[in-house]
Amino acid sequence: MSGAPVRRVLPLIIGFVFVPAALMLAVGVLILVFGAAPRDYVFGGLILALVATSAGGTVATVVVVQREARVARLQTDFVNKVSHDLRTPLTSIRMFVETLQLGRLQDPERQREALEIIAEETARLSGLINRLLDWARMESGRRTYQFVRQPLEPIIEAALQAFEPQRLSHPFVLRRAIEPGLPWVMADREALTGALLDLLNNAHKYTGPEKVI
């Protein structure tokens, strides 16, 4: 058993479940060994059955607590990751908006580029929020997928386009190689695009200094 919740309740389980169960087990065994009347054997068997039921219920309870603790930890990690991912586009949007407000970009071409980045980061922020809502729907059992037969290339292009702000803010080499004639797939476009974007973000995050993806 592992996890802080299990470690906290373990002394209580030992003190209030296993110790009484061990005493009852000893009583049941003594009754079966030294009993003479049929009712003694029935009584001893009932005690042993009660002990077995208590032990099984306790083990099942510990397993459930352990699983819930693991799920809670995953939920916390997910929320922390999403919070970090939300902060990045918000920072970019705020930085470019402040730059435009202060008039630091006089070149119309640079202004257009800044506005494009703001639009892309806004779309990325919207996508992150939608993913968070999708996760909430999955947790409640209401997440649905729209499987449609479609080509892979537009899905890959959508993921690369959503990943473009990362390349603009932190330049690196991104090699795109799509085999021609890929078969069509039955997939949910939004879900698969999000999965590919997660792979790209992880590759960008954990790639070495040369930043070749």
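Each remark here, short or long, concerns the structure printed above.
Predicted model, so just to flag it, every value in this text is computed and none were measured.

K.L.:
Account for the overall build of the protein, with residues named and values stated.
P.N.:
Within the protein one finds 5 helices and 2 strands. Start at the N end of the protein and walk to the C end: the helices and strands fall as α-α-α-β-α-β-α. Within the span of the protein, comprising 213 residues, buried residues form 23% of the whole. Taking the contacts inside the protein whose residues are at least 6 apart along the sequence as the reference set, 69% of them involve residues at least 24 apart. Split by element, the accessible area of the protein, about 14,500 Å² in all, is 65% carbon and sulfur.

K.L.:
If you had to explain helix H5 (residues 189-206) to someone new, which residues and values would you point to?
P.N.:
With 18 residues, H5 extends 26 Å between its outermost C-alpha atoms, agreeing within 8% with the 26 Å of an ideal straight helix rising 1.5 Å per residue. Every buried residue of H5 is listed here: Thr193, Gly194, Leu197, Leu200, Asn201 and His204. In an axial view of H5, the angular spread of the buried residues amounts to 125°, which keeps them on one side of the axis. Facing away from the buried side of H5 by more than 90 degrees, the exposed set consists of Leu199 and Tyr206. You can read the cap of H5 off the contacts: a side-chain oxygen lies 2.9 Å from the backbone nitrogen of Ala191, and it is on Asp188.

K.L.:
Pulling in residues and values, what's your account of the nonpolar core?
P.N.:
Ranked by size, the top nonpolar core spans 10 residues in total: Val82, Leu86, Ile93, Phe96, Leu105, Ala114, Ile117, Ile118, Leu125 and Leu128. Counting residues in each nonpolar core, the second largest holds 6 residues, with Ala159, Leu160, Phe163 and Leu197 among its members.

K.L.:
Tell me about the pattern of salt bridges, and please be specific about residues and values.
P.N.:
If the charged atoms of two oppositely charged side chains come close together, the side chains can form a pair. The final tally for this structure, using the stated rule, is 3 salt bridges. The partner of Arg112 in a salt bridge is Glu109, and the shortest N-O contact between them spans 2.3 Å. Here Arg112 and its partner Glu109 are both found in helix H3 (residues 108-139), 3 residues apart, which amounts to about one turn of the helix. Owing to a relative accessible area of 37%, Arg112 belongs among the partly exposed residues under this scheme.

K.L.:
Give a detailed account of helix H2 (residues 38-101), specifying residues and quantitative values.
P.N.:
The end-to-end C-alpha distance of H2 is 93 Å, a good match for the 94 Å that 64 residues give at a rise of 1.5 Å each. Taken from the residues just after H2, Gly103 is the one with a positive phi, measuring 70°.

K.L.:
Just give me the short version of the environment of Glu116, but keep the residues and values in it.
P.N.:
Inspection of the secondary structure puts Glu116 in helix H3. The class for Glu116 is partly exposed, based on a relative accessible area of 37%. Of note is the side chain of Glu116, whose polar atom sits 2.2 Å from the side chain of Arg112.

K.L.:
Mind laying out the environment of Val17, listing which residues take part and the relevant values?
P.N.:
Following the sequence through the fold, Val17 ends up in helix H1 (residues 4-34). The spatial distance from the C-alpha of Val17 to the C-alpha of Val51 is 9.5 Å, given a sequence separation of 34 residues. Once residues lying within four places of it in the same chain are set aside, the contact partners of Val17 are Leu12 and Thr58.

K.L.:
Break down a nonpolar patch on the surface for me, citing the residues and quoting the values.
P.N.:
Residues Leu25, Val29, Leu30, Val33 and Phe34 make up a contiguous nonpolar surface patch of about 490 Å² in total accessible area. Locating Leu25 in the fold gives a position in helix H1. Judged by relative accessible area, which is 38%, Leu25 ranks as partly exposed.

What counts as what
- Residues numbered from 1 in each chain as written.
- Predicted model: local features only at pLDDT ≥ 70, side-chain atom pairs only at ≥ 80, totals over all residues.
- Heavy atoms only, no water.
- Helix = DSSP H or I, 4+ residues; strand = E, 2+ residues; numbered from the N terminus.
- Buried < 20%, exposed > 50% of the residue type's maximum accessible area, 1.4 Å probe, protein only.
- Contact = heavy atoms within 4.5 Å.
- Areas by Shrake-Rupley, 256 points an atom, 1.4 Å probe, with all protein chains shown as cover.
- Expected span 1.5 Å × (residues − 1).
- Arc of directions from axis to C-beta.
- Polar contact = N/O pair within 3.5 Å; in protein donor to acceptor, adjacent residues only side chain to side chain.
- Core = buried A, V, L, I, M, F, W, Y, C linked by side-chain atoms within 4.5 Å.
- Salt bridge = Lys/Arg side-chain N within 4 Å of Asp/Glu carboxyl O.
- Patch = residues over 30% accessible without salt bridge, like charges linked within 9 Å, V, L, I, M, F, W, Y side chains within 5 Å.

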